[in-house]
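Structure at a glance
Below, each chain spelled out in residue letters.
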Amino acid sequence: MERKKVAFYTLGCKLNFSETSTIARNFQDEGFDRVEFEDVADIYVINTCSVTENADKQFKQVVKKAMKLNQKAFVAAVGCYAQLKPEELAAVDGVDLVLGASEKFKITDYINDLSKNDMGEVHSCEISEADFYVGSYSIGDRTRAFLKVQDGCDYKCTYCTIPLARGISRSDALENVLSNAAEISRQGIKEIVLTGVNIGDYGKGEFGNKKHEHTFLELVQALDQVEGIERLRISSIEPNLLKNETIEFVAGSRTFVPHFHIPLQSGSNDILKKMKRRYLREVYTERVAKIREVMPDACIGVDVIVGFPGETDAHFLETYHFLNDLDISYLHVFTYSERDNTEAASMDGVVGSNVRAKRSKMLRGLSVKKRRSFYESQLGTSRTVLFEAENREGYMYGFTENYVKVKSTYNPELVNTLQPVTLKSIDDDGSVRVELEVSASNESAMANLMSINI
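Reading the values: the criteria
Residues numbered from 1 in each chain as written. Predicted model: local features only at pLDDT ≥ 70, side-chain atom pairs only at ≥ 80, totals over all residues. Heavy atoms only, no water. Buried < 20%, exposed > 50% of the residue type's maximum accessible area, 1.4 Å probe, protein only. Helix = DSSP H or I, 4+ residues; strand = E, 2+ residues; numbered from the N terminus. Arc of directions from axis to C-beta. Contact = heavy atoms within 4.5 Å. Core = buried A, V, L, I, M, F, W, Y, C linked by side-chain atoms within 4.5 Å. Pairing = 2+ DSSP bridges. Axes fitted to C-alpha atoms, helices over the stretch in contact; angles between N-to-C directions. Polar contact = N/O pair within 3.5 Å; in protein donor to acceptor, adjacent residues only side chain to side chain. Phe/Tyr/Trp six-rings, centres within 6.5 Å; stacked < 30°, edge-to-face > 60°. Left-handed = near helix turned anticlockwise from the far one by under 90°. Nonpolar A, V, L, I, M, F, W, Y, C, P; charged D, E, K, R; others polar. Salt bridge = Lys/Arg side-chain N within 4 Å of Asp/Glu carboxyl O.

What to know about helix H9 (residues 244–251)
The set of residues buried in H9 consists of Thr246, Ile247 and Val250. Each buried residue of H9 lies within a common arc of 100° when the element is viewed along its axis, so the set occupies one face. Those residues of H9 hidden inside the fold are in contact with helix H8 (216–223), strand E11 (231–234), strand E12 (259–265) and helix H11 (281–294).

Some thoughts on the nonpolar core
Among the nonpolar cores identified, the biggest contains 50 residues, and Leu147, Leu194, Leu219, Leu223, Ile291, Leu323 and Leu363 are the most heavily contacted of them. Aside from chain neighbours lying at most four places away, what touches leucine 147 is Ser136, Tyr137, Val177, Asn180, Ala181, Ile184, Ile192, Val193, Leu194 and Thr195. One finds Val62, Met67, Leu89 and Val95 within the second-largest nonpolar core, a separate group that totals 23 residues.

Details of the environment of asparagine 341
Following the sequence through the fold, asparagine 341 ends up in the loop between strand E14 (330–335) and helix H13 (353–378). A residue is classified by how much of its surface remains accessible, and asparagine 341, at 71% relative accessible area, is exposed. Along the sequence, asparagine 341 and glycine 196 sit 145 residues apart, while their C-alpha atoms lie 22 Å from each other.

Examining the sheet that holds strand E7 (residues 144–148)
As a general point, the strands of a sheet are linked pairwise by backbone hydrogen bonds and lie either parallel or antiparallel. Reading across the sheet, the three strands line up as E7-E10-E11 and stay open at both edges, with parallel pairing between neighbours. In the strand order of this sheet, the two ends are held by E7 and E11, each with one partner. Neighbour-to-neighbour, the strand axes of the sheet open up by a mean angle of 30°, direction not taken into account. Where E7 and strand E10 (residues 191–195) come together, five bridges link them in parallel fashion.

Remarks on the side chain of asparagine 402
Here asparagine 402 lies in the loop between strand E16 (395–400) and strand E17 (405–409). Exposure remark for asparagine 402: the relative accessible area of 1% places this residue in the buried category. A distance of 3.0 Å separates the side chain of asparagine 402 from the side chain of glutamine 378, its partner in a polar contact. For asparagine 402, the side chain forms a polar contact with the side chain of threonine 400, separated by 2.7 Å. Every residue in contact with asparagine 402, bar those within four places of it in the chain, is listed here: Pro258, Asp297, Cys299, Phe374, Gln378 and Arg383.

Focus: the packing of aromatic side chains
Considering all chains together, one arrives at twelve aromatic pairs under this definition. Taking the centre distance of 6.2 Å and the plane angle of 40° together, the rings of tyrosine 330 and tyrosine 403 count as tilted. With tyrosine 330 in strand E14 and tyrosine 403 in the loop between E16 and E17, this residue pair connects regions lying 73 residues apart in the sequence. Summarising the burial analysis for this pair, tyrosine 330 and tyrosine 403 share the class buried. Plain terms: the ring middles of phenylalanine 399 and tyrosine 403 are 4.5 Å apart, the flat faces sit at 15° to each other, and that makes the pair stacked. The exposure class assigned to phenylalanine 399 is buried, which follows from its relative accessible area of 15%. Overall, the relative accessible area of 17% leaves tyrosine 403 in the buried class. Within the aromatic cluster, the residues linked to one another by ring pairs are Phe8, Phe27 and Phe32.

Quick notes on unusual backbone geometry
Although it is not a glycine, tyrosine 403 sits at a positive phi angle of roughly 65°. Backbone geometry at asparagine 416 places phi at a positive 60°, although glycine is not the residue there.

What about the pairing of E11?
Burial of E11 is two-sided: the residues Arg231 and Arg233 facing one way and the residues Leu232 and Ile234 facing the other way are all buried. Pairing between E10 and E11: four bridges, direction parallel. Among the inter-strand pairings, valine 193 is bridged to a residue of E11, identified as arginine 233.

Some remarks on the packing of helix H7 (residues 174–186) against H8
Orientation of H7 relative to H8, taken along the N-to-C sense of each, is 35°, at an axis distance of 10 Å. Helix-helix and strand crossings are classified by hand; for H7 and H8 the assignment is right-handed. Facing H7, whose interface residues are Leu174, Val177, Leu178 and Ala181, H8 presents Leu219, Ala222 and Leu223. Residues belonging to the contact of H7 with H8 are distributed by class as follows: seven nonpolar, no polar and no charged.

Details of the pattern of salt bridges
Evaluation of the coordinates by the stated rule reveals 32 salt bridges. Measuring nitrogen to oxygen at the nearest pair gives 2.8 Å for the salt bridge that ties arginine 233 to glutamate 191. With arginine 233 in strand E11 and glutamate 191 in strand E10, the pair connects residues that are 42 residues apart, well separated along the chain. Across the pair, glutamate 191 and arginine 233 agree in class, each one buried. A salt bridge links aspartate 201 to lysine 204, with the shortest nitrogen-to-oxygen separation between them at 3.6 Å. A residue is classified by how much of its surface remains accessible, and aspartate 201, at 7% relative accessible area, is buried.

So, in structure tokens, the structure goes:
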């Protein structure tokens, strides 16, 4: 009997990528062959996101793409959007199965008959039932691996649907995390990115109870001791949960790199209070100052939302000037979009879409300026780059430990290797040109590059 082919598409965050990879391995264990999403497959699995309205629209486009590849294919939707609005997804033309937060990891149990359905079949639990933990990590999808350490969130931010989509805060057992990290390193992957919904809350719900068995600091201390891991990177972490002890530990760590991504959301305390964030901007300033004190060359990324209800021009300018004066490296700018069943959706002071777009453009421009300034500060320094596999018009790219994107002439021998380089100049595409430093580990690569001006 011919083996069925399955393809996957992931929308959204690093956490979704880690879970897609785990679901894919489950399919392969059940005898399916994994193919690329651009290939003809018998089953297409789409891992959805619902952080913004745009993610919802993207889902419909991805379904259409799958149907063009194979109009008889079985299409399954999982993930956050699938939990929040299962009936809406089930009604999308081409969708056959919709699985919620608890059901997605048992997807192969639901796929017995691959015939198309007139209406998508829904299996979605009440989110209060999503109180158990399923560990996940990505392997083989890209140079870096995403390792899930935590899921869900107990915060009640007024704009956010994630607690409704993923349930309460809960953590993987420390022993499991260390085991998964060791397994990833055995696969030859050089960098692991820790991911979750609210990873600074790690330890809560570790063994099914609400108290903390371990802290986030204890997690990073333990991971730093795992043999074989060369690089560990912390993904987004709340400023109120990023403690000075953690910052100091990372500064002297064997494996953790000097890169932090810290959500701010607004530089106005008035708006932070309306968002029900658990800090004021003064806390954020303290975190950035502490990082700069112990890691002057660290990369610091910021999430910020524009157009939140009640955000006046004065509030926005407060955010703009706060970020402009802050010693950060780049911004991720999100334009506020109303989400059903959130407190903010019914707030007064709605900001017009044209104003939201204008504010977003201003902050994106500020991000370009900040990134350029950070990159310029790194020119002439020696760093270590993890090179990626993609060959883009004869060039390859990678990231330094402090998250500078670099560019070099393509050489397959450098793929998935850590190479010492000197940062030379900023290219037209915004990346940094590098010069490989001669070392015993890259002599063969250098031999092939001697005649090339990198």
